[in-house]
Number of protein chains: 2
Amino acid sequence: MADVKSSINPLFLREEELRQGIELLFYAYRDFTGEPDSILAEYGFGRAHHRAIHFINRDPGMTVAALLTILRITKQSLSRVLSQLVEEGYVEQKKGVRDRRQRLLYLTEKGRELERRVSEKQRARVAKAYQEAGAEAVEGYRKVLLGLIDETDRATVLKSIQNR
Amino acid sequence: MADVKSSINPLFLREEELRQGIELLFYAYRDFTGEPDSILAEYGFGRAHHRAIHFINRDPGMTVAALLTILRITKQSLSRVLSQLVEEGYVEQKKGVRDRRQRLLYLTEKGRELERRVSEKQRARVAKAYQEAGAEAVEGYRKVLLGLIDETDRATVLKSIQNR
DNA sequence: CAGATATGTCAACATGGCTGACGTAAAATC
DNA sequence: GATTTTACGTCAGCCATGTTGACATATCTG
């Protein structure tokens, strides 16, 4: 029988490879969120506020329903966060013109400043990783992450991250 | 002056590219954790239990301190989760032989079963994404994620995900 | 006008982070 | 051998962020 170490076991290797891919995602996300979290904490905000600010900044005038769909949380959870942001002057709500039931979401100047401050750090981290890894690697990163998203959602996400 | 649409603004493109990289990570992580979360919920466990089980399975006999370092939470937070897992027979603690202050962590057979059940789903998701994206893309995915991890931690993580 | 829709709100609860304080056993050091 | 440090556990209380369920209001649509 062949030496165990030199015998190739593709199934085992494959499992190992997958486990590594899983753990890398865990570690990367841990550190990726750590920096914003600590900045937001200065303002008495948390990760939930960050997510709201990020997506409102990205698509000013979006509806509450749209934000709920992206975040996959209940309206009660979002409401808490959103009303804090409105009360403290980071987010503004305007009635929709076409549909006046809607409360369209906008960042105020104060909100944009906070968004900038947090996202600068986060973008710097991604920029550095992109630079170190190279353009081809970035393409791979995007492909795999897209593949990790629920199939039913993929088209929506693609559209959402591309359209501006 | 040139047409705005056709004029190339590399800085803007770069920001857009980075924002997309950020959002992809958000969406991928959201769905990546969603499936395990719902399985764990059947057992009355949450994401915190999953993480503990995952890393104990991956490195049986690890110390509590090692797990704390990986998870970056306080011992009080981990303790709550760990004692539930021990009480309900998913995790076993054995005194270290070299250092008898240590409580080395092991999954019981019951724990391994749960781990398998959850990780199968997660591995299937990653396997599918890997397959669709191709080997080269996988290399890029790994490179970029590694680059997103805190620099001070990168060497440790690399060693930890490679050594078995 | 009736019903559906977009949003808000109240209340109660669970999970999983946190801090601070204190305790015990074992190892390491002086 | 006494003292200090280390590894771990535990009690208590707080906060952020998720959940469910029920109900209210304004507005749109058929």
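Residues numbered from 1 in each chain as written. Chains lettered and ligands numbered in written order. Predicted model: local features only at pLDDT ≥ 70, side-chain atom pairs only at ≥ 80, totals over all residues. Heavy atoms only, no water.

Quick look at the pattern of salt bridges
How we decide: Salt bridge criterion: a side-chain nitrogen from Lys or Arg within 4 Å of a carboxyl oxygen from Asp or Glu. Each helix is a run of DSSP H or I of at least 4 residues and each strand a run of E of at least 2, with the numbering of both proceeding from the N terminus. A simple rule labels every residue: compare its accessible area, found with a 1.4 Å probe on the protein chains alone, to the largest value its type can have, and call it buried under 20%, exposed over 50%, or partly exposed in between.
Tallying each qualifying case throughout the model produces 38 salt bridges over all chains. Where B:E23 meets A:R58, a salt bridge forms, and the shortest distance between an N and an O atom there is 2.8 Å. Taken together, the residues span two chains, with B:E23 in helix α1 (residues 10-42) and A:R58 in helix α2 (residues 47-58). For the pair formed by B:E23 and A:R58, the shared burial category is buried. For A:R116, the salt bridge is made with A:E109, and the minimal N-O distance between the two is 3.4 Å. Shared partners join several salt bridges into a network, and the residues in it are A:R30, A:D31, A:E35, A:R125, B:R72, B:D150 and B:D153.

Examining the protein's contact with DNA strand C
The condition that has to hold: We call a residue near a given molecule or strand whenever any one of its heavy atoms falls within 4 Å of it. In this classification, the charged set is Asp, Glu, Lys and Arg, the nonpolar set is Ala, Val, Leu, Ile, Met, Phe, Trp, Tyr, Cys and Pro, and all remaining amino acids, among them Gly, are polar.
In the region of DNA strand C, 25 residues are neighbours, and A:K75, A:R101, B:R51, B:T74 and B:R80 sit closest. When the atoms of DNA strand C within 4 Å of the protein are grouped by moiety, sugar and phosphate amount to 56% of the total. For the surface near DNA strand C, the elements supplying multiple residues, two or more each, are α3 (64-71) and α4 (75-87) of chain A together with α2 (47-58) and α4 (75-87) of chain B. A per-class count over the surface near DNA strand C returns four nonpolar, nine polar and 12 charged.

What about the relation of the copies chain B and chain A?
The test is simple: C-alpha atoms of residues with pLDDT of at least 70 in both copies form the basis for the least-squares superposition of the copies. Any two residues whose heavy atoms approach within 4.5 Å are treated as being in contact.
The two copies are related by a screw operation: chain B maps onto chain A through 180 degrees of rotation and 0.0 Å of translation along the axis, at an RMSD of 0.0 Å. In symmetry terms, the pair is related by a two-fold rotation axis. Within chain B, the C-alpha atom positioned nearest to the axis of rotation is that of B:Y141, 1.9 Å from it. Interface overlap between copies: 100% of the residues of chain B at the interface are likewise at the interface in chain A, consistent with a symmetric, same-surface contact.

Describing helix α5 (residues 109-133) of chain A
Residues and elements named next belong to chain A. This is how the line gets drawn: What a helix is expected to span follows from its residue count: subtract one and scale by 1.5 Å. One fitted axis covers the seven residues ending at a residue, a second covers the seven starting there, and the bend at that residue is the angle between these axes.
With 25 residues, α5 should cover 36 Å at 1.5 Å per step; its first-to-last C-alpha distance of 35 Å lies within 8% of that length. Considering bend angle alone, the principal kink of α5 is centred on S119 and spans about 25 degrees. At the exit of α5 stands G134, carrying a positive phi of roughly 95 degrees.

Some points on the interface of chain B and chain A
Rules: Buried area counts how much accessible surface, traced with a 1.4 Å probe, disappears from two parts once they are put together, with both parts' losses summed. Side-chain atoms alone can form a polar contact between residues adjacent in sequence; in general such a contact is a pair of N or O atoms within 3.5 Å, and within protein one must be able to donate a hydrogen while the other accepts it.
Every contact between the two is made by 59 residues of chain B and, on the other side, 59 residues of chain A. The junction of chain B with chain A conceals about 6,300 Å² of combined surface from both sides, 64% of it contributed by carbon and sulfur atoms. Among the residues chain B hides against chain A, the three largest losses belong to B:L24, B:Y141 and B:L148. Together they make up 11% of the total. Our count for the contact surface shared by chain B and chain A stands at 14 salt bridges. Counting across the interface, chain B meets chain A through 26 residue pairs in polar contact (both at pLDDT 80 or more).

Take it as geometry only, folks, not as evidence of what the structure does.
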